[in-house]
Amino acid sequence: MTSMLLATTTAVRSAFGHSWSGVLNTADLSLKNILWAIFTVVFIVYVITTLVLLFHWRQYGMGTKRIVAAKIIYFFVSIIIIAVALFSLFFI
Amino acid sequence: MVFSQLELQPQETIVLEVRKHWIVFIGHAIFSFIAAVLPLVAYTLLLVFVPRTVAQQIISHFFLTLFVYSLWLLLIWVVLFIRWTNYYLDVWYITTERIIDIDQKGVFHREISNLRFDRIQDVTVEVSGVVATFFKFGNLRVQTAAENSKDYTMNNVSHPEHARTIIFEMHNKKIRPSHIEVAKSSEGTDGLR
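Because the structure is predicted, anything quoted here is derived from the model rather than measured.

Thresholds, definitions, all that
Within each chain, residue numbers correspond to sequence positions counted from 1 in written order. Labels are handed out in written order, letters beginning with A for the chains and numbers beginning with 1 for the ligands. In keeping with the predicted nature of the model, local features appear solely for residues at pLDDT of at least 70, side-chain atom pairs appear and are counted solely at 80 or more, and the whole-chain, interface and lining totals rest on all residues. Runs of E in the DSSP output that reach at least two residues are strands. Runs of H or I that reach at least four are helices, and both are numbered from the N terminus. The exposure scheme places C-beta atoms from the backbone and then counts, for each residue, the other C-beta atoms within 10 Å of its own, assigning buried at 20 or more, exposed at 12 or fewer, and partly exposed in between. By definition, residue pairs are in contact when their C-beta atoms, positioned from the backbone, come within 7 Å. Where helices are involved, their axes are fitted lines through C-alpha atoms of the stretch in contact, as for all axes, and angles between N-to-C directions lie from 0 to 180°. An angle below 35 degrees is treated as roughly parallel, one above 145 as roughly antiparallel, one from 65 to 115 as roughly perpendicular, and anything else as oblique. Note on convention: the crossing is left-handed when the near helix lies turned anticlockwise from the far helix by less than a right angle, right-handed when the turn is clockwise. Under this grouping Gly is polar, as are all residues other than the nonpolar Ala, Val, Leu, Ile, Met, Phe, Trp, Tyr, Cys and Pro and the charged Asp, Glu, Lys and Arg. Pairing between two strands is assigned when DSSP locates at least 2 bridges connecting them. By convention in this section, buried Ala, Val, Leu, Ile, Met, Phe, Trp, Tyr and Cys residues joined through C-beta atoms within 7 Å make up a nonpolar core. Known as pLDDT, the predictor's confidence for each residue is given on a scale from 0 to 100.

> Just to check I follow, could you spell out the overall build of chain B for this structure?
Scanning chain B for helices and strands turns up five helices and seven strands. Secondary structure elements of chain B occur, N-terminal to C-terminal, as β-α-α-α-β-β-β-β-α-β-β-α. Residues counted as buried form 17% of the 193 residues belonging to chain B. Considering only contacts in chain B between residues 6 or more positions apart, those separated by 24 or more positions represent 59%.

Dropping the structure here:
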């Protein structure tokens, strides 16, 4: 297993002429653009899904305390995750 | 609570909410937890078992890994809440007049049925297994008297025996007065003859 990984690493290095980080650095600009595009798509999907969930909670949730608690937990954790994603995206 | 969506009649009140047992959702939650932790385990194993040079390369892209992982967590989080919504909005309301069956089959698939107490023929409770007996959940099936009408079933209901008792109580309250009236009226006609 280890020897296979080493062989793969060597093959990639020889193919590109430098290390993996070097490969990624040369493609940094495009990589970052791709990651921003992925983030945007995921965020749009998140917003649409959240709107659908909010509609259901408001329309059919009967205003129960559990629905209110669910909203708070959902948004609290979602905001933290999105913040971490954005934070990591700036430091890539 | 706001029950305006149920369109209750003026004298109608809700007697009991019948929901699925929380253990049903715990199953989804455990699955989501495993899905969330699995990449962390894989990442740790990768760092332990791959050669040091490769591990250093992976660590050097820590923020890229963190970015991908946070998107994965967001996906799991949203899916978990879609499942919770489907679980929570799947409910039976037993009112003084009828049973309102709200069947939340999916985010965009919802069925609402009404069942009057005078149409109920039998209520069956099925509790099978040690877990179901210990946590007091089971399947509740209401059979209707009319031909070609479906049975109303809710699986993994919390405290199904209690729901059954309430349904029978409401059923008896609705049925008995009319039976007494019929009996009285028949007695009256017999007397006239």
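Read on, since the account is not over.
> What should I look at first to understand the packing of helix 4 (residues 65–91) of chain A against helix 3 (residues 62–88) of chain B in this one?
Running from N to C, helix 4 of chain A and helix 3 of chain B cross one another at 165°; their axes reach a closest spacing of 8 Å. Considering the angle they form, helix 4 of chain A stands roughly antiparallel to helix 3 of chain B. Between helix 4 of chain A and helix 3 of chain B the crossing geometry is left-handed. Contact residues: Arg66(A), Ala70(A), Tyr74(A), Val77(A), Ser78(A), Ile81(A), Ile82(A), Val84(A), Ala85(A), Ser88(A), Leu89(A) and Phe91(A) in helix 4 of chain A; Phe63(B), Leu66(B), Phe67(B), Ser70(B), Leu71(B), Leu73(B), Leu74(B), Trp77(B), Phe81(B), Trp84(B) and Tyr88(B) in helix 3 of chain B. A breakdown of the residues in the contact of helix 4 of chain A with helix 3 of chain B according to their chemical character gives 19 nonpolar, three polar and one charged.

> Even after reading the chapter, I still don't get the sheet that holds strand 6 (residues 137–144) of chain B, so can you show me in this structure?
Pairing between the strands of a sheet comes from backbone hydrogen bonds, and it takes one of two forms, parallel or antiparallel. All names here are of chain B. Spatially, 5-6-7 is the arrangement adopted by the three strands of the open sheet, whose pairing is antiparallel. Each edge of the open sheet is held by one strand with a lone partner, namely strand 5 (120–126) and strand 7 (152–158). Each adjacent strand pair in this sheet contributes to an overall mean axis angle of 20°, direction not counted. In terms of strand pairing, strand 6 meets strand 7 through five bridges, oriented antiparallel.

> Whenever I open this one, the nonpolar core confuses me. Can you help?
Soluble globular proteins: nonpolar side chains tend toward being buried together. Counting residues in hydrophobic clusters, the biggest one holds 16 residues, and the most contacted among them are Val18(B), Trp92(B), Ile94(B), Ile99(B), Val157(B) and Ile167(B). Of all elements in the fold, only strand 2 (91–95), strand 3 (98–106), strand 6, strand 7 and helix 5 (160–192) of chain B reach the threshold of two or more residues within this core. The contacts of Val18(B), once residues within four sequence positions are left out, are Val91(B), Trp92(B), Ile94(B), Leu140(B), Met154(B), Val157(B) and Ala163(B). Core analysis: the second largest hydrophobic core is formed by six residues, Ile81(A), Ala85(A), Phe67(B) and Leu74(B) among them.

> I tried to follow the sheet that holds strand 2 of chain B on my own but got confused; where do I start?
All names here are of chain B. With antiparallel pairing, the four strands of this open sheet are ordered in space as 1-2-3-4. Every interior strand has two partners, whereas the edge strands, strand 1 (14–19) and strand 4 (109–116), have only one. Here the average twist between neighbouring strands, direction ignored, is 15°. In this structure, strand 2 lies alongside strand 3, joined through four bridges in antiparallel fashion. Bridging from a neighbouring strand, Tyr-93 pairs with Ile-100 of strand 3.

> Whenever I open this one, the environment of Asp118(B) confuses me. Can you help?
Residues and elements named next belong to chain B. As for its position among the elements, Asp-118 is in the loop between strand 4 and strand 5. On the basis of neighbour counts, which here come to 12 C-beta atoms within 10 Å, the residue Asp-118 falls in the exposed class. For Asp-118 and Ala-145, which are 27 residues apart along the polypeptide, the C-alpha to C-alpha distance reads 8.6 Å.

> Hey, could you run me through the confidence of the model for chain A in this one?
The predicted coordinates ought not to be read in detail in places where the model reports low pLDDT. Residues and elements named next belong to chain A. Averaged over chain A, the pLDDT score is 80; the fraction of residues at 70 or greater is 68%. The secondary structure element of chain A with the lowest average pLDDT is helix 1 (residues 2–16), at 48, and the one with the highest is helix 4, at 95. Contacts for the low-pLDDT stretch residues 11–18, under 50 throughout, to residues beyond four places or in other chains number five contacts.

> Sorry, what's going on with unusual backbone geometry here?
All names here are of chain B. Unusually for a residue other than glycine, Lys-136 sits at a positive phi of about 55°. Relative to the elements of secondary structure, Lys-136 occurs in the loop between helix 4 (130–135) and strand 6. Exposure remark for Lys-136: the 15 C-beta atoms within 10 Å place this residue in the partly exposed category. Look at His-159: it is not a glycine, yet its phi comes out positive at around 50°. Structurally, His-159 is set in the loop between strand 7 and helix 5. For His-159, a count of 19 C-beta atoms within 10 Å translates into the label partly exposed.

> Explain the interface of chain A and chain B here, please?
Frequently, the measure chosen for interface size is the accessible area removed from exposure when the parts meet. In this complex, chain A contributes 32 residues to the contact, which on the side of chain B involves 27 residues. Mapped onto the side of chain A that touches chain B, the elements with two or more residues apiece are helix 1, helix 2 (20–26), helix 3 (28–60) and helix 4 of chain A. Here the element with the most residues in the side of chain A that touches chain B is helix 4 of chain A; it accounts for twelve residues. Within the side of chain A that touches chain B, the residues separate by chemical class into 21 nonpolar, ten polar and one charged.

> Mind showing me how you'd approach the confidence of the model for chain B here?
All names here are of chain B. Per-chain confidence: chain B averages 85 in pLDDT, with 87% of residues scoring 70 or above. Looking over chain B, one finds the lowest element-wise mean pLDDT in helix 5, namely 69, and the highest in helix 3, namely 94. The low-confidence segment residues 188–193, where pLDDT is below 50, has zero contacts with residues more than four positions distant or belonging to other chains. Both scores are available for the predicted complex, with the pTM at 0.77 and the ipTM at 0.77.

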